[in-house]
Amino acid sequence: MRFKFSILALLLEVIIIVLFGIFVEYDTSASLSLYPFFQDVHVMIFVGFGFLMTFLKKYGFSSVGINMLIAAFGLQWGTLMQGFWHMERGKIHVDIKSMINADFSTATALISFGAVLGKTSPVQMLILTILEITIFACNEHLVTKTLQATDVGGSMTIHAFGAYFGLAVTLVLYRPGLKNKHENEESTYHSDIFAMIGTLFLWLFWPSFNSAIASETIYQTNAIVNTYYSLAACTVVTFALSSLVDQRGKFSMVLIQNATLAGGVAVGTCADLSIHPFAAVCIGSIAGIISVLGYHFLTPLLASKLNIQDTCGVHNLHGLPGILGGITGIVVTAIKEEIRQGVHFTPGMQAAALGSTIAIALAGGALTGHILKLPFLGQAPDQNCFDDSVYWEVPEEEKPHEIHPNNYDEHSRFEATM
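Predicted model only: the values in this text are computed from it and were never measured.

What follows deals with the environment of P347. Topologically, P347 is positioned in helix α13 (residues 347-372). A sequence separation of 27 residues divides P347 from L320, and the C-alpha atoms of the two residues are 19 Å apart. Those residues in contact with P347 that sit more than four places away from it in its chain are I330, T333 and A334.

Here it is as structure tokens:
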């Protein structure tokens, strides 16, 4: 894969350079008021998501490294794909808000990366990022401009979309050889600590994620307060249920790393609405319950019955809480009239936004999965899954005794390294 990856990555960057030269300009009227929010979101994308996926004992390099690759490429591609929907006089004008939105588009690909973590090659992930961000930009335009639904924190357009896109991909890329758990598909004490670092970064900065693009200061304040309390309630409930579902009454690090964040996902759609802190606490509590029960009962069921091998459990952290967020948006707009910048939000449009997002994500993910199955993209064999040494230079003491040849490539394993 030495030449395959390098040629593809350089070719894509050249295309982006040309497109930036033709279409992208500064927005000279922009201010720096959103820069603190951008910093927080940027840290979430590169540090939070990256370290959250380092729980696998021999896949830490790829978790953080490929996360960085996807994010760096995705934010450029997202700027273009979102910008094409908002061009003025044939130009894409970039400012701090467009950079935040570009990071949001990248988040969808990173969520899907969690579903296929350890089972795809860097080449496949670049292709996935291109296709997913392109489809995401179209769906986002449909939801926010055509249907005129509210989703300030991206419960539907980012989290549910990324989760179900990734689940569709992993279903198409199903590996029968991994039906029985792979020996490397587990954590160690230290890898779980690194993953918890990612959790803490995400947890701390999530209020900024949900409030960054709110239209006015008062709505940003609502989003910050609602997310703050939703996360807190979700965390307490997660700890309680983690002990409850374990036969020995012990806490599960998997649940603490992931389900504690579900409150931030679930409150996203209505974060800037006047739902009252009481409702935010209730939403966070319900999200914690759904996420914990999903990890404990639903994930094994999906793997055994539906052949959906969800490595990071994105269905429970992003998918189900994302749907909950969409449902709360329907309920809130049905109970109370909400108007933003002259747009009257209705429960019908909120429901249409949720349904169309999930449908487009599943269809787009299935299509992308079939493209990623093409043999020349160099998918690693089952024996080499969840192992950094296939694609990275690894210190000698960490290297396994044997690397199996790639069944999809006639070259030696040395040409499969980067």
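With that settled, consider a nonpolar patch on the surface. A cluster of nonpolar side chains, contributed by Y189, I193, F194, I197 and F201, occupies part of the molecular surface with about 490 Å² of accessible area. A relative accessible area of 37% places I193 in the partly exposed class.

This next bit is on the confidence of the model for the protein. Of the residues in the protein, 94% have a pLDDT of 70 or more, and the chain-wide mean is 92. Contacts from residues 407-418, a stretch scored under 50 in pLDDT, to residues over four places away or in other chains number 18 contacts.

We now examine the nonpolar core. Soluble globular proteins: nonpolar side chains tend toward being buried together. Core analysis: the largest hydrophobic core is formed by 89 residues, its most contacted members being W77, L80, I100, L117 and W206. A total of 10 residues in this core trace back to one element, the largest contributor, which is helix α5 (residues 122-146). Aside from chain neighbours lying at most four places away, what touches I100 is L34, F37, F38, A212 and I213. Within the second largest apolar cluster, 12 residues are counted, among which are A262, C270, I275 and I283.

This part takes up helix α11 (residues 276-305). Taking 1.5 Å per residue, 30 residues should reach 44 Å; α11 reaches 40 Å between its end C-alpha atoms and fits that length. G294 marks where α11 bends most, by close to 45°. When we look at burial in α11, the residues that qualify are A280, I283, G284, A287, G288, S291, V292, G294, Y295 and L302. At the exit of α11 stands N307, carrying a positive phi of roughly 60°.

Another point: helix α6 (residues 155-172). Note that an α-helix has 3.6 residues per turn; residues three or four places apart therefore point the same way. Between the first and last C-alpha of α6 there are 24 Å, a value that for 18 residues agrees with the 26 Å anticipated at 1.5 Å per step. Among the 18 residues in α6, 17 count as buried, and that is most of the element.

As a further point, take the packing of aromatic side chains. This model, assessed by the stated rule, comprises 12 aromatic pairs. For the pair F23 and F84, a centre-to-centre distance of 5.3 Å together with 85° between the ring planes defines the contact as edge-to-face. Linking F23 in helix α1 (residues 2-23) with F84 in the loop between α3 (60-83) and β2 (92-94), this pair joins segments that are 61 residues apart in sequence. Given a relative accessible area of 22%, F23 falls into the partly exposed group.

Reading guide: rules and limits
- Counting of residues starts from 1 at the beginning of each chain's written sequence and follows it residue by residue.
- Given that this is a predicted model, residues contribute local features only at a pLDDT of at least 70 and side-chain atom pairs are listed and counted only at 80 or more, while totals for whole chains, interfaces and linings are drawn from all residues.
- Only hydrogens and water are set aside; all other atoms, that is, all heavy atoms of the structure, feed into the side-chain values.
- A helix here means a DSSP run of H or I that spans at least four residues, while a strand means a run of E at least two residues long, and both kinds are numbered starting from the N terminus.
- Residues are treated as being in contact if the distance between any of their heavy atoms lies within 4.5 Å.
- Patch construction takes residues with relative accessible area above 30% that form no salt bridge. Like charges are linked within 9 Å, and nonpolar side chains (Val, Leu, Ile, Met, Phe, Trp, Tyr) are linked within 5 Å.
- Accessible areas in this description were obtained via Shrake-Rupley with a 1.4 Å probe; residue shielding takes into account the shown protein chains only.
- Every case where a carboxyl oxygen of Asp or Glu lies within 4 Å of a side-chain nitrogen of Lys or Arg is listed as a salt bridge.
- Exposure classes here rest on a 1.4 Å probe applied to the protein chains alone. A residue is buried below 20% of its type maximum, exposed above 50%, and partly exposed in between.
- You can read pLDDT as the predictor saying how much it trusts each residue, on a scale of 0 to 100.
- Residues belong to a common nonpolar core when they are buried Ala, Val, Leu, Ile, Met, Phe, Trp, Tyr or Cys residues joined through side-chain atoms within 4.5 Å.
- A helix is expected to span 1.5 Å for every residue after the first.
- The seven residues ending at a residue and the seven starting there each receive a fitted axis; the angle between those axes is the bend at that residue.
- For Phe, Tyr and Trp, where Trp contributes only its six-membered ring, two rings pair if their centres lie within 6.5 Å, and the inter-plane angle classes them as stacked under 30 degrees, edge-to-face over 60, or tilted in between.

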